[in-house]
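Below, each chain spelled out in residue letters.
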Amino acid sequence: MKKYNMLFYIAAIIYLCFSAILLGIGLKSTGNDSMAYKVEVHEVMQQLEQGEQVSAIDLSGYQYLKTVTFLPENADTERLSDFYAGENRVHSCVKPLLFDGTKKGYVRFDYVDEKVDYHMLIAAELVLLIVFLLFFGLLFYIRSHILKPFHTISEMPYELSKGHLNMDLTESKNRLFGKFVWGLGMLRDSLSDSKAKELKLLKEKKLLLLSISHDIKIPLSAIKLYTKALKEDIYDTEEQKKEAVSQIETHAAEIESFVKEIITASSEEILTIEVKNSEFYIKDLVEKVRETYEPKARVVLMDFKIQCYENKLLKGDFEKAFEVIENLMENAFKYGDGRQITIDFYEEEYCQVIRIFNTGSVVPVTEFPHLFDSFFRGSNVGNKAGNGLGLYISKQIMHKMGGEIFAERKESGMAFCVVFEMDG
């Protein structure tokens, strides 16, 4: 957008240059020709002094002289008044006419001292101004109706590719992008639904593990019962003992099959999290958080503060780091009381800590140790939608980046601290 804005300055400079050139042409022409009329006056005076009549002088070959008027020495008042009457845009000069040393009267020369047609010059300036205004208007239309709306939504596909599905898509009345914006909205909703279905399947998978674990208790109890009976020699006949051993083997086979199912299910990760560790500046992370959540906070009239910080180089994956902050911010908006969110910064044991605090209800002490467990949702969530994986995912990401995340209970709300290793 900045490069495009330069076109406005370039167009203005070009217009000023052309205007200056036209003005220079006019001034130069006037300056060069301001004394040229005197040559023509001198030639005509020589003809008159040689006895030529004023009416006989042909002015068609002269560039500057327009009319020549003679006033006799003893002219009456009326002729004198006509003699000195001027015309617009015409200059005059008066010369005494001497013949054989005797003054016969006066000669008035009407002339113009310019080559340039100022009417044409003004018309050219107006045309140039109109062309400039039309071009400026076209640039402004393209900027406001095409580039600016596109710039607003250009980050959306990139953010969707990174899994950031909570971004608000600003609706545009521009028909040029109506279908495109609608398609992005549909894509975001589709990805969100797919993620919700995936999380639902994962939750069902964990419930399956829990169910299998519960089912193991039945054959295990039976095995313990038959083992106790054999140990205490309760059975009288060998046939009863063999039947007990057979039951133990059957239930042991059941347990073995359950264990295989558990191993198979638990060997698969709940979520596949890929982290590409490198370095990034804290300023870039904070500015992205600011751009994403300041408008959202203004809409809901929430006090959103980002305290002062030093721009340090942190270790980790920038996109995944933002995903962690994004999860915490979304929780703050969703489960807080809507009054305040504050982000502050401090160092601890050569690490950078980013703390996100929101006012609202505090998680009970009994639930506090389970905040980062998968599928865990606190009693303070009410009927708000969620899957209980946000904090679990955030913790896994931070561990893969060599960092940490923990929570703090405050009197007026909850605080979550994200710990990054610093580079150097």
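Scroll up for the structure.
First, a word on scope: everything that follows refers to the structure included in this document. (Residues numbered from 1 in each chain as written. Predicted model: local features only at pLDDT ≥ 70, side-chain atom pairs only at ≥ 80, totals over all residues. Heavy atoms only, no water.)

**A closer look at the overall build of the protein chain**
If you tally the helices and strands in the protein chain, you get 10 helices and 10 strands. Among the 424 residues that make up the protein chain, the fraction classed as buried is 34%. Just so you have it, the protein chain exposes about 26800 Å², and 57% of that area is on carbon and sulfur atoms. (Helix = DSSP H or I, 4+ residues; strand = E, 2+ residues; numbered from the N terminus. Buried < 20%, exposed > 50% of the residue type's maximum accessible area, 1.4 Å probe, protein only. Areas by Shrake-Rupley, 256 points an atom, 1.4 Å probe, with all protein chains shown as cover.)

**Examining the nonpolar core**
The biggest cluster of nonpolar side chains holds 45 residues, and the ones touching the most others in it are F304, M329, I343 and F420. The element that contributes the greatest number of residues to this core is helix α9 (residues 318-335), accounting for 8 residues. With residues near it in sequence (within four places) discarded, F304 still touches V289, Y293, E294, A297, M329, I341 and I343. Ranked by size, the runner-up nonpolar core spans 16 residues in total, among them Y37, V41, I57 and L97. (Core = buried A, V, L, I, M, F, W, Y, C linked by side-chain atoms within 4.5 Å. Contact = heavy atoms within 4.5 Å.)

**Digging into the pattern of salt bridges**
One pass over the full model with this rule turns up 14 salt bridges. Across the pair D110 and R108 runs a salt bridge whose closest N-O atoms are separated by 2.7 Å. As far as the burial class goes, D110 and R108 line up, both buried. The partner of K296 in a salt bridge is E330, and the shortest N-O contact between them spans 3.2 Å. Of the two residues, K296 sits in helix α8 (residues 282-299) while E330 sits in helix α9, which places them 34 residues apart along the sequence. The structure contains a network of salt bridges with shared partners spanning D344, R355, E408 and K410. (Salt bridge = Lys/Arg side-chain N within 4 Å of Asp/Glu carboxyl O.)

**Some thoughts on the sheet that holds strand β1 (residues 65-72)**
Spatially, 3 strands are ordered β1-β3-β2 in an open sheet, and the strand pairing comes out antiparallel. If you trace the sheet from one side to the other, it starts and ends with β1 and β2 (91-99), each paired once. Mean inter-strand twist for the sheet, computed between neighbouring axes without regard to direction, equals 25°. Two strands pair when backbone bridges link them, and β1 and strand β3 (residues 102-111) are joined in this way by 7 bridges, in the antiparallel orientation. For P72, the partnering residue across the bridge sits in β3 and is G105. Lying on the sheet, helix α2 (residues 37-49) is in contact with β1, β2 and β3; it crosses β2 at an angle near 30°. (Pairing = 2+ DSSP bridges. Axes fitted to C-alpha atoms, helices over the stretch in contact; angles between N-to-C directions.)

**Observations regarding the pairing of strand β10 (residues 413-421)**
Counting buried residues along β10, 8 of its 9 residues qualify, which places the element largely inside the surrounding structure. Pairing of strand β8 (residues 351-359) with β10 involves 9 bridges; the strand directions are antiparallel. Its bridge partner lying in β10, C351 is registered against E421. The pairing of strand β9 (residues 404-409) with β10 spans 6 bridges and is classified as antiparallel.

**A few points about empty space enclosed by the protein**
For the coordinates displayed, the defined rule picks out 1 cavity of 30 Å³ or more. Its volume calculated, the largest cavity comes out at about 60 Å³. Along its surface, the largest cavity is lined by L285, V286, V289, I306, I325, I343, F345 and I354. If you list the elements that add at least two residues to the lining of the largest cavity, you get α8 and β7 (340-348). Residue classes in the lining of the largest cavity are distributed as 8 nonpolar, no polar and no charged. (1 Å grid on protein atoms, 1.4 Å probe; cavity = no way out; pocket = protein on both sides within 12 Å on 5 of 7 lines; lining within 4 Å. Points joined across faces, edges and corners; volume = space filled by probe spheres on them. Nonpolar A, V, L, I, M, F, W, Y, C, P; charged D, E, K, R; others polar.)

**Describing the environment of H370**
Examined against the element boundaries, H370 turns out to sit in the loop between β8 and α10 (390-400). Here H370 falls in the partly exposed class, since its relative accessible area comes to 37%. Remark: the alpha-carbon pair of H370 and Y392, spanning 22 residues in sequence, is separated by 9.8 Å.

**Comments concerning α9**
The first and last C-alpha atoms of α9 sit 26 Å apart over 18 residues, in line with the 26 Å expected at 1.5 Å per residue. Burial analysis of α9 places 15 of its 18 residues in the buried class, which makes it a mostly covered element. Of the residues that open α9, the one with a side-chain oxygen 3.0 Å from the backbone nitrogen of E319 is D317. (Expected span 1.5 Å × (residues − 1). Polar contact = N/O pair within 3.5 Å; in protein donor to acceptor, adjacent residues only side chain to side chain.)

**Considering unusual backbone geometry**
The backbone of D233 shows a phi angle near 55°, a positive value even though the residue is not glycine. For D233, the location among the structural elements is in the loop between α6 (178-231) and α7 (238-266). Unlike most non-glycine residues, L301 shows phi in positive territory, near 60°. When you line up the elements, L301 lands in the loop between α8 and β5 (303-306). Classification of L301 as exposed rests on a relative accessible area of 75%.

**Points about the sheet that holds β10**
Strand order in the open sheet made by the 5 strands is β5-β7-β8-β10-β9, with mixed pairing throughout. Among the strands making up the open sheet, the edge pair consists of β5 and β9. In this sheet, adjacent strand axes meet at a mean angle of 20° when their direction is disregarded. Seen against the sheet, α10 touches β9 and β10 and runs at an angle of roughly 135° to β9.

**Observations regarding the packing of aromatic side chains**
Using the criterion set out here, one finds 6 aromatic pairs in the structure. Taken together, a centroid distance of 5.7 Å and an interplanar angle of 75° make the contact between F280 and F318 edge-to-face. Note that F280 is positioned in strand β4 (residues 278-281) and F318 in helix α9, a separation of 38 residues in sequence. Relative to F420, the ring of F280 has its centre 6.0 Å away and its plane inclined at 90°; by these criteria the two rings are edge-to-face. (Phe/Tyr/Trp six-rings, centres within 6.5 Å; stacked < 30°, edge-to-face > 60°.)

Read these as spatial facts, not as claims about activity.
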